[in-house]
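# Structural overview
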Amino acid sequence: MSHQNPLGTSVPHTSCLDLWREKNDQLVRQAKVAQDSGLSLRRQQLAQDSLEGFRGLLHSLRGLPAAVPVLPLELTVTCNFITLRASLAQGFTEDQAQDIQQGLERVLETQKKLGPRLECGLRGLWDSVLHYSTLLLEVLPALHHLAGLQAAVWLSTDCLGDLTFLLQTLNGNQSEASENLLLLLKTWSPPAEESDAPLTLQDARGLRDILLTASAYRQGLQELITGSLPRALSSLQEAASGLCSRPVLVQVYTALGTCLRKMGNPQRALLYLAAALKGGSTCGPPLLEASRLYRQLGNTAAELESLELLVEALNVTHSFEAPQLLIEVELLLPRPHPASPLHCGTPSQAKYLLASRCLQVGRAEDAAEHYLDLLALVLDGSESKFFPPPSPPGPCMPEVFLEAAAALIQAGRAQDALTVCEELLSRTSSLLPKMPQLREDARKGTKESPHCPSWVSATYLLQGQAWVQLGAPKEAISEFSRCLELLFRTTPKDEEQGPASNREKGCISDVVLQQLRAAALISRGLQWVAVDQDTKALQDFLLSVQMCPGNQDASFHLLQTLRRMDRRHEATALWWRLKAQTELPQENAAWSLPLYLETYLDWIHSPDREALLEEFQTSLPEPHEL
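None of these values were measured; they are calculated from a predicted model. (Residues numbered from 1 in each chain as written. Predicted model: local features only at pLDDT ≥ 70, side-chain atom pairs only at ≥ 80, totals over all residues. Heavy atoms only, no water.)

### A few points about the overall build of the protein chain
Note the following rule: The numbering of helices and of strands both runs from the N terminus, where a helix is a DSSP run of H or I of at least 4 residues and a strand a run of E of at least 2. Exposed residues in this analysis have more than 50% of their type's maximum accessible area, buried residues have under 20%, and partly exposed residues fall in between, with area computed by a 1.4 Å probe over protein chains only. A contact between two residues is defined here by any heavy atoms of the two lying within 4.5 Å. For the area figures, the Shrake-Rupley method with a 1.4 Å probe applies, and any residue is considered shielded solely by the protein chains shown.
From N to C terminus, the protein chain includes 28 helices and 2 strands. For the protein chain, the residues scored as buried account for 50% of the 626 residues in total. Partitioning the contacts of the protein chain with sequence separation of at least 6, the portion at a separation of at least 24 is 66%. In the form shown here, the protein chain has an accessible surface area of approximately 29,600 Å², with 51% of it arising from carbon and sulfur atoms.

Structure below.
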């Protein structure tokens, strides 16, 4: 038997409503039992059974004409079904949006307002439903619950304009002028559910709190990336005070540590990073941020220790806790962007950061071992492809080989360096165009001509230095000559593309090309000196000064050679030029050099240069005496 509601819509018998409600409550209790189950297989089975139960129940309710007395139960079942489905899938899909749309259409059916509004999309449906909801007070709690799920879908998909509109409408347009999501979420006050209402997996107010935490965190992270540090600090502190699981709290504390470091407050940053490391098993992001902080503070030992722990952490497989069968903050967060402080990369990227920092701070033996470990990872296929670290822009794979060779030479392992160089040559020489083609390829813009010769020539340069270390000047001179032969046939890439573009494509800049040429000429000149060939050394040093006029090392070696050859007047003129250069203000280089080249240039830099220049000053005449 049935009775008629005021609009003439048929309403099912009360006993059917009671049965459906009892079924809903039973499924909610079953899902909560599944959540508390310690056995993963039993948990998964119970949760799937509950999901299928909600699906069948919703199908039964939607099989009848929409009726106001049934709407609170139908919308509650819809919300429970969406919540459990999204939780099990660990994300939202188009299916959830369709479930929400069908729920809204059922509300409009009871008001006889369905029709052309279907073309307005979800935003138009919400506008219509919330307009008529004032006539349906008994439906309001369930409708706000559904609105919370819609807000979760739009937040997770970055539909922030739609989300802002929805929250403004839920607040009765009282805060229409405001587009601050955090303020809108705080203003939103979902109506309390009646004590005898159908059970829910997650009520609207709990969902609102989750949305507030996720929105604060997302907003703070974006403000941190764009440099709005005071705002980022406020948003992230808001997120930290909200409903956070341990993994999310680790991320929030790490972001707070980054923000405070950039604001010049390292001690508070350390406190947050320490809290992050105690908060859970996801230690990668706080360890990487700790290494940045210690580097800023000049604590090299602590920086390298943090990077070592980072490598260990990324190589450990963690057993994560099973997620709650609810909408949690994690479901509403995007994957860390490469520019985000929470992006800690892969084990090989962390190993590269450790190796390169060891090389930069002079720990050559450690650097050599880390580079060899990294090359083994890549060469044996443990990592199919090496991606450069996200920040700062990292090197391409051939440059990692070159850095490894430089580290081995620095550590006194010249023979191992030759082995690494031979491996690199075997991988790149086949890509090298024939010598007569280089200029023509560069003129035509052929992609492979600008960068491959630079890698090969740098390899010859390092091989030459390895032979120097092994006490074989003849072999060293031969390698330096091969390097120069290739470099003088290489055309630099058009600089208008900028340094970032060139590094990205592996192209060689004019500055790097000049420095490579100067390094090779100086290195060969030093070997000519070692075998008592001062005339040939003089030619190389003169050419290096012409190729790279600002390179004081080239001028210094030229000065020493001129003095040794008793070419006093030329030495005096050069000394005065060097003295004038040292008195000029030093400009910061617009281009950064590759790490292997920076390391190499340190080798040909004389540590006692200033002392020798002062010694020359006592014996050289004044310029007017020349």
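### As for helix H10 (residues 229–240)
In plain terms, the rule: Multiplying 1.5 Å by the helix residue count minus one yields the expected span of that helix.
Over its 12 residues, H10 extends 16 Å from the first C-alpha to the last, a length consistent with the 16 Å expected when each residue adds 1.5 Å. Of all the residues in H10, the buried ones are Leu229, Ala232, Leu233, Ser235, Leu236 and Ala239. Those residues of H10 hidden inside the fold are in contact with helix H8 (181–187), helix H9 (204–226) and helix H11 (246–262).

### Thoughts on the packing of H10 against H11
Note the cut-off: Here an axis means a line fitted to C-alpha atoms, over the contact stretch when the element is a helix, while the angle between two N-to-C directions is reported on a 0 to 180 degree scale. When an angle is under 35 degrees it counts as roughly parallel; over 145 it counts as roughly antiparallel; between 65 and 115 it counts as roughly perpendicular; any other value is oblique. Handedness of each helix crossing follows the sense of rotation of the near helix against the far helix: counterclockwise by less than a right angle gives left-handed, clockwise gives right-handed. Residue type decides the class: Asp, Glu, Lys and Arg count as charged, Ala, Val, Leu, Ile, Met, Phe, Trp, Tyr, Cys and Pro as nonpolar, and the leftover types, Gly among them, as polar.
One way to put it is that H10 packs onto H11 with a least axis distance of 10 Å and a crossing angle of 155°. The angle between H10 and H11 places the two elements in the roughly antiparallel class. Considering how the two elements wind past one another, H10 and H11 form a crossing that is left-handed. Packed against H10, whose contacting residues are Leu229, Ala232, Leu233, Leu236, Gln237, Ala239 and Ala240, the element H11 presents Leu249, Val252, Tyr253, Ala255, Leu256, Cys259, Leu260 and Lys262 at the interface. Residues that form the contact of H10 with H11 fall into these classes: 13 nonpolar, 1 polar and 1 charged.

### Things to note about the nonpolar core
Put simply, the rule reads: Put simply, buried Ala, Val, Leu, Ile, Met, Phe, Trp, Tyr and Cys residues joined by side-chain atoms within 4.5 Å make one nonpolar core.
Judged by nonpolar contacts, the single largest core of 82 residues is most densely connected at Tyr371, Leu461, Leu462, Leu516 and Leu559. Setting aside residues up to four positions removed in sequence, leucine 461 forms contacts with Phe480, Cys483, Leu516, Ala519, Ala520, Ser523 and Tyr600. In terms of nonpolar packing, the next biggest core, distinct from the first, is built from 69 residues, Ala86, Leu155, Leu181 and Leu212 among them.

### Observations regarding unusual backbone geometry
Non-glycine residue glutamine 90 carries a positive phi angle of around 55°. Within the element layout of this structure, glutamine 90 appears in the loop between helix H3 (71–89) and helix H4 (94–110). The phi dihedral of aspartate 532 is positive, around 60°, even though this residue is not glycine. Relative to the elements of secondary structure, aspartate 532 occurs in the loop between helix H23 (510–530) and helix H24 (534–547).

### Observations concerning the pattern of salt bridges
Oppositely charged side chains may form a pair once their charged atoms are brought near each other. To be explicit about the condition: A side-chain nitrogen of Lys or Arg and a carboxyl oxygen of Asp or Glu constitute a salt bridge if their distance falls within 4 Å.
Within the structure shown, the criterion is met by 22 salt bridges. Of the charged contacts, one joins glutamate 22 and arginine 29 as a salt bridge, the two residues approaching to 3.0 Å between their closest N and O atoms. A residue is classified by how much of its surface remains accessible, and glutamate 22, at 43% relative accessible area, is partly exposed. Arginine 29 gets classed as partly exposed once you look at its relative accessible area, which sits at 42%. Between aspartate 534 and arginine 564 there is a salt bridge, with its nearest N and O atoms 3.3 Å apart. With aspartate 534 in helix H24 and arginine 564 in helix H25 (residues 552–564), this residue pair connects regions lying 30 residues apart in the sequence. Owing to a relative accessible area of 41%, arginine 564 belongs among the partly exposed residues under this scheme.

### Overview of empty space enclosed by the protein
Stated precisely, the cut-off is as follows: For each structure, a 1 Å grid was placed over the protein atoms alone; sets of points admitting a 1.4 Å probe that cannot get out are labelled cavities, open sets with protein on both sides within 12 Å along at least five of seven lines are labelled pockets, and lining residues have an atom within 4 Å of a point. Grid points are joined across faces, edges and corners, and a volume is the space filled by probe spheres set on the points.
The tally for this structure, following the rule as stated, stands at 1 cavity of 30 Å³ or more. By volume, the largest cavity amounts to about 40 Å³. Lining the largest cavity are 10 residues, with Leu61, Leu64, Pro65, Val70 and Arg106 sitting closest to its centre.

### Things to note about the side chain of serine 291
Among the secondary structure elements, serine 291 is positioned in helix H13 (residues 284–297). According to the relative accessible area criterion, serine 291 is buried, its value standing at 4%.

### Let's talk about the confidence of the model for the protein chain
Put simply, the rule reads: Within a predicted model, pLDDT stands for the predictor's per-residue confidence, ranging from 0 to 100.
The predicted model of the protein chain has a mean per-residue pLDDT of 84, with 82% of residues at 70 or higher. Averaged pLDDT values for the elements of the protein chain fall to 42 in strand S1 (residues 3–4) and rise to 96 in H10. For the stretch residues 1–9, pLDDT sits under 50, and the model shows 16 contacts to residues farther than four places along the chain or on other chains. Contacts of residues 494–506 to residues separated by more than four positions or lying in other chains number 19 contacts, the stretch itself having pLDDT below 50.

### Points about helix H5 (residues 121–132)
For the α-helix, the turn length of 3.6 residues means that residues three or four positions removed from each other point alike. Over its 12 residues, H5 runs 17 Å from end to end, which matches the ideal 16 Å to within 8%, given 1.5 Å per residue. Taken as a whole, H5 has its buried residues at Leu122, Gly124, Leu125, Trp126, Ser128, Val129, Leu130 and Tyr132. Looking at the buried positions of H5, the neighbouring elements they touch are H4, helix H6 (140–156) and helix H7 (160–170).

### Quick word on the packing of helix H2 (residues 40–62) against H3
Where H2 meets H3, the closest approach of the two axes is 9 Å, and the angle between their N-to-C directions is 150°. The interaxial crossing formed by H2 with H3 has left-handed handedness. In this structure, H2 uses Ala47, Gln48, Ser50, Leu51, Phe54, Arg55, Leu57, Leu58, Leu61 and Arg62 to contact H3, whose residues at the interface are Leu73, Glu74, Val77, Thr78, Asn80, Phe81, Leu84, Arg85 and Leu88. Looking at side-chain class alone, the contact of H2 with H3 contains 11 nonpolar, 4 polar and 4 charged residues.

### Focus on the environment of threonine 76
Its location among the elements puts threonine 76 in helix H3. Spatially, the C-alpha atoms of threonine 76 and valine 139 are 9.7 Å apart, while their sequence positions differ by 63 residues. If sequence neighbours within four positions are ignored, threonine 76 has contacts with Asn24, Ala142, Pro198, Leu199 and Thr200.

### Quick look at the environment of valine 248
Along the chain, valine 248 turns up in helix H11. Residues valine 248 and glutamate 330 lie 82 residues apart in sequence; the distance between their C-alpha atoms is 6.9 Å. Apart from residues lying up to four places away in sequence, valine 248 is in contact with Val329, Glu330 and Leu333.

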